[in-house]
Amino acid sequence: EPEVTQTPSHQVTQMGQEVILRCVPISNHLYFYWYRQILGQKVEFLVSFYNNEISEKSEIFDDQFSVERPDGSNFTLKIRSTKLEDSAMYFCASSEVLRGSGANVLTFGAGSRLTVL
Amino acid sequence: QQPVQSPQAVILREGEDAVINCSSSKALYSVHWYRQKHGEAPIFLMILLKGGEQKGHDKISASFNEKKQQSSLYLTASQLSYSGTYFCGTTTGNQFYFGTGTSLTVIP
């Protein structure tokens, strides 16, 4: 079954450093997303990406964050100058639109755990 | 915009039933249900699109009320493998919002 893959599975970084989290979405999916889940809390929407540009972003997704699709397969989340509160699990997802419904069904990757020290 | 779920947490013995509710103040375009086990990605369970729809597979089913403001997930004869956090969710434009989540623990 097709899956979304994320790397790294766990990254430890020092406060102020930049991190790049990588995702390979399902090949025929057109919509890509990043979500964040702080330990024990809800899953929060960060950004959605379609047609090589950001289509929606949340209040959390400020200038510290950026997304790119550097080639035809990878989808990256860059976090500049990390802060302690950026420690979380970051999930990538991709989706296709259900035929006849217009509804997106998301498939999530296993997540990248970011620990900022 | 985030749907509200109830209860926040529930503990069941194997074989017992549970109902998880998901409510919104506005009509939803669709409602999705996901289950997340600790430390893992949310896994898609099902999607409901129409008011009055009911859908299910195995012992897990869901309903979507006529006004499309409430959905319920029904877990019958629960198994240990059902433990996890259940999220409803909905799409708005190109955003997908998760509900507040319900932690379900099934004990022997």
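Attention here is on the structure that accompanies the text. Note that the structure is predicted; figures quoted are calculated from it, not measured.

Next up on the list: the sheet that holds strand β8 (residues 75-79) of chain A. Residues and elements named next belong to chain A. Read across the sheet, four strands follow the order β1-β3-β8-β7 without closing on themselves; strand pairing throughout is antiparallel. Of all the strands in the sheet, just β1 (5-7) and β7 (65-68) have a single pairing partner and so form its edges. Each strand axis lies, on average, 20° off the axis of its neighbour in the sheet, ignoring direction. As defined by bridge partners, β7 adjoins β8 across four bridges and the pair is classed as antiparallel. Bridging across to β8, Glu68 finds its partner in Thr76.

Scanning the model with the defined rule gives two disulfides over all chains in all. Paired by a disulfide, Cys23 of chain A and Cys92 of chain A hold their sulfur atoms 1.9 Å apart. Between Cys23 of chain A and Cys92 of chain A the disulfide shows an S-S torsion of about -65°. By sign, it is left-handed. Of the two residues, Cys23 of chain A sits in strand β3 (residues 19-24) while Cys92 of chain A sits in strand β9 (residues 88-97), which places them 69 residues apart along the sequence. Owing to a relative accessible area of 0%, Cys92 of chain A belongs among the buried residues under this scheme. Across the disulfide, Cys22 of chain B is cross-linked to Cys88 of chain B (sulfur-sulfur distance 2.1 Å). As the torsion about the S-S bond is roughly 75°, the Cys22 of chain B-Cys88 of chain B disulfide counts as right-handed. Here Cys22 of chain B is found in strand β3 (residues 18-23), whereas its partner Cys88 of chain B is found in strand β9 (residues 84-92), with 66 residues between them in sequence. With a relative accessible area of 1%, Cys22 of chain B lands in the buried category.

What follows concerns the interface of chain B and chain A. Residue-level contacts link 21 residues of chain B with 23 residues of chain A. Contact between chain B and chain A buries roughly 1800 Å² in total, counting both sides, with carbon and sulfur atoms accounting for 61%. Counting the contacts that link chain B with chain A gives zero salt bridges. At the boundary of chain B and chain A, one finds three residue pairs in polar contact (both at pLDDT 80 or more). Counting only elements with at least two residues in the side of chain B that touches chain A, the list comes to β4 (31-36), β5 (43-48), β9 and β10 (95-98) of chain B. The residue inventory of the side of chain B that touches chain A, partitioned by class, reads 10 nonpolar, 10 polar and one charged.

Procedures and definitions
- In this numbering scheme, every chain counts its residues from 1 along its sequence in written order.
- All chains are assigned letters beginning at A, and all ligands numbers beginning at 1, according to the order in which they are written.
- In keeping with the predicted nature of the model, local features appear solely for residues at pLDDT of at least 70, side-chain atom pairs appear and are counted solely at 80 or more, and the whole-chain, interface and lining totals rest on all residues.
- To get the side-chain values, take all heavy atoms of the structure and skip hydrogens and water.
- Here, any two strands with at least 2 DSSP bridges between them count as paired.
- Comment: elements are numbered from the N terminus, with helices defined as DSSP H or I runs of at least four residues and strands as E runs of at least two.
- Note on geometry: axes are lines fitted to C-alpha atoms, helical ones only across the stretch in contact, with angles between N-to-C directions running from 0 to 180 degrees.
- By convention in this document, the label disulfide applies to cysteine sulfur atom pairs within 2.5 Å.
- Relative accessibility decides the category of a residue: with a 1.4 Å probe and only protein chains considered, values under 20% of the type maximum give buried, values over 50% give exposed, and everything between is partly exposed.
- Between two residues, a contact is recorded if the distance between any of their heavy atoms is within 4.5 Å.
- By convention, the term buried area covers the 1.4 Å-probe accessible surface removed from two parts as they join, with the contributions of both added.
- Each salt bridge in this description consists of a side-chain nitrogen of Lys or Arg and a carboxyl oxygen of Asp or Glu lying within 4 Å of one another.
- Pairs of N or O atoms within 3.5 Å make up the polar contacts considered here, provided that, within protein, one atom can donate a hydrogen while the other can accept it, and that residues adjacent in sequence are counted only when both atoms are side-chain atoms.
- Charged residues are taken to be Asp, Glu, Lys and Arg, nonpolar residues to be Ala, Val, Leu, Ile, Met, Phe, Trp, Tyr, Cys and Pro, and polar residues to be all remaining types, Gly included.

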